Amino acid sequence: MTQTAALPTARTVDALPAPLQLDGASTALVVIDMQRDFIEPGGFGESLGNDVSLLAEIVPTVAALLALARRAGWFVVHTRESHAPDLSDCPPAKRLRGAPSMRIGDPGPMGRILVRGEPGSEIIDALAPWVGELVVDKPGKGAFYATGLDQVLRSRGISQLVFAGVTTEVCVQTSMREANDRGYECLLVEDATASYFPAFRQATLDMVRSQGGIVGWTVPFQALAGAWE
Ligand code: C5J
């Protein structure tokens, strides 16, 4: 009788500031806010005066990362920064901040800005969630604030999170810090995250992996894919 050895589920990823042992059985990919409202013209990002084309550049890499996660069998989570239609979960301090051309809840070319169920709050077609993947609507910048994400991850035995998405220094970094404080090991894929301000993206990568990885690790996509396949 021949016996087939179980494939090892853990791999060593050549990350910074140090190699990271990633175990596929306890890993989830968390794709932050790849929504039309941030990436396409006419949404929240552009209403704040930003050049949204900078964010669209990472879409092929995020698509490749999603494909890797699906092949590897990692649990996949997508988040959407969004609010209830009555804006009951949008504090005035958030809605009234700054001087955007359109505020959260205002009608725009893709429907009401950052409101759940409107076309602008949907994830872009190229990165659409698959059946069985978790979609988390979050009213804050962080994925753990006022959501059930922590409970879902814990119930699945997940302790390592691979992060991608936008924007690096706002929702991605906030979510990573929330996860780090909750005991998750966090790995940010460097070329699968973007900011309207490239210098802020770079500063965030440097901050995350500074001081021995005070928030987590970073890795280029090809290095992660190379370790896995
Ligand atoms: C922002 C986000 N930048 N998804 N949201 O307001 O990073």
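Residues numbered from 1 in each chain as written. Predicted model: local features only at pLDDT ≥ 70, side-chain atom pairs only at ≥ 80, totals over all residues. Heavy atoms only, no water.

Caption draft 1: Summary view of the packing of aromatic side chains. Enumeration according to the criterion identifies 4 aromatic pairs in this entry. Ring centres 5.2 Å apart and planes at 80 degrees place the aromatic pair Trp74 and Trp228 in the edge-to-face group. Highlighted residues: Trp74 in the loop between α4 (59-72) and β4 (75-81) and Trp228 in helix α9 (residues 221-228), separated in sequence by 154 residues. Here Trp74 and Trp228 have matching classes, each one buried. Sitting above the plane of the Trp228 ring, Arg11 keeps its charged end 5.1 Å from the centroid. (Phe/Tyr/Trp six-rings, centres within 6.5 Å; stacked < 30°, edge-to-face > 60°. Helix = DSSP H or I, 4+ residues; strand = E, 2+ residues; numbered from the N terminus. Buried < 20%, exposed > 50% of the residue type's maximum accessible area, 1.4 Å probe, protein only. Lys NZ or Arg CZ within 6 Å of the ring centre and 35° of its normal.)

Caption draft 2: View of the nonpolar core. Ranked by size, the top nonpolar core spans 45 residues in total, and within it Leu22, Met34, Leu65, Trp74, Leu187 and Leu224 carry the most contacts. Among the elements that make up this core, the one with the highest residue count is α4 (6 residues). Once residues lying within four places of it in the same chain are set aside, the contact partners of Met34 are Ile39, Ile58, Val59, Val62, Thr79, Glu122, Ile123, Ile124, Leu127, Gly165 and Val166. Counting 23 residues, the second-largest nonpolar core is a separate cluster that includes Val136, Phe144, Ala179 and Tyr184. (Core = buried A, V, L, I, M, F, W, Y, C linked by side-chain atoms within 4.5 Å. Contact = heavy atoms within 4.5 Å.)

Caption draft 3: Summary view of the sheet that holds β4. Spatial ordering of the open sheet is given by β7-β4-β3-β8-β9-β10, a layout of 6 strands whose pairing is parallel. Only two strands of the sheet have a single neighbouring strand rather than two, namely β7 (134-138) and β10 (217-219). Direction aside, neighbouring strands of the sheet carry axes that sit 25 degrees apart on average. Where β4 meets β7, 5 bridges bridge the pair, whose relative direction is parallel. Note on β7: the bridge partner recorded for Val77 is Leu134. With respect to the sheet, helix α8 (residues 198-209) is in contact with β9 (185-194) and β10, its orientation differing from that of β9 by roughly 165 degrees. (Pairing = 2+ DSSP bridges. Axes fitted to C-alpha atoms, helices over the stretch in contact; angles between N-to-C directions.)

Caption draft 4: Summary view of the site of the ligand. Neighbouring residues of the ligand: Asp33, Phe38, Phe44, Glu81, Lys141, Val166, Thr167, Val170 and Cys171. Asp33 places a side-chain nitrogen or oxygen 2.8 Å from a nitrogen atom of the ligand. Note that an oxygen atom of the ligand is positioned 2.9 Å from one of the backbone N or O atoms of Thr167. The fraction of the free accessible surface of the ligand (230 Å²) that becomes covered by protein chains is 92%. Taking a 2 Å distance to the grid points as the criterion, the majority of the atoms of the ligand fall inside the largest pocket. (Near = heavy atom within 4 Å. Polar contact = N/O pair within 3.5 Å; in protein donor to acceptor, adjacent residues only side chain to side chain. Areas by Shrake-Rupley, 256 points an atom, 1.4 Å probe, with all protein chains shown as cover. 1 Å grid on protein atoms, 1.4 Å probe; cavity = no way out; pocket = protein on both sides within 12 Å on 5 of 7 lines; lining within 4 Å. Sits in = over half its atoms within 2 Å of the grid points.)

Nothing here speaks to function; it is all geometry.
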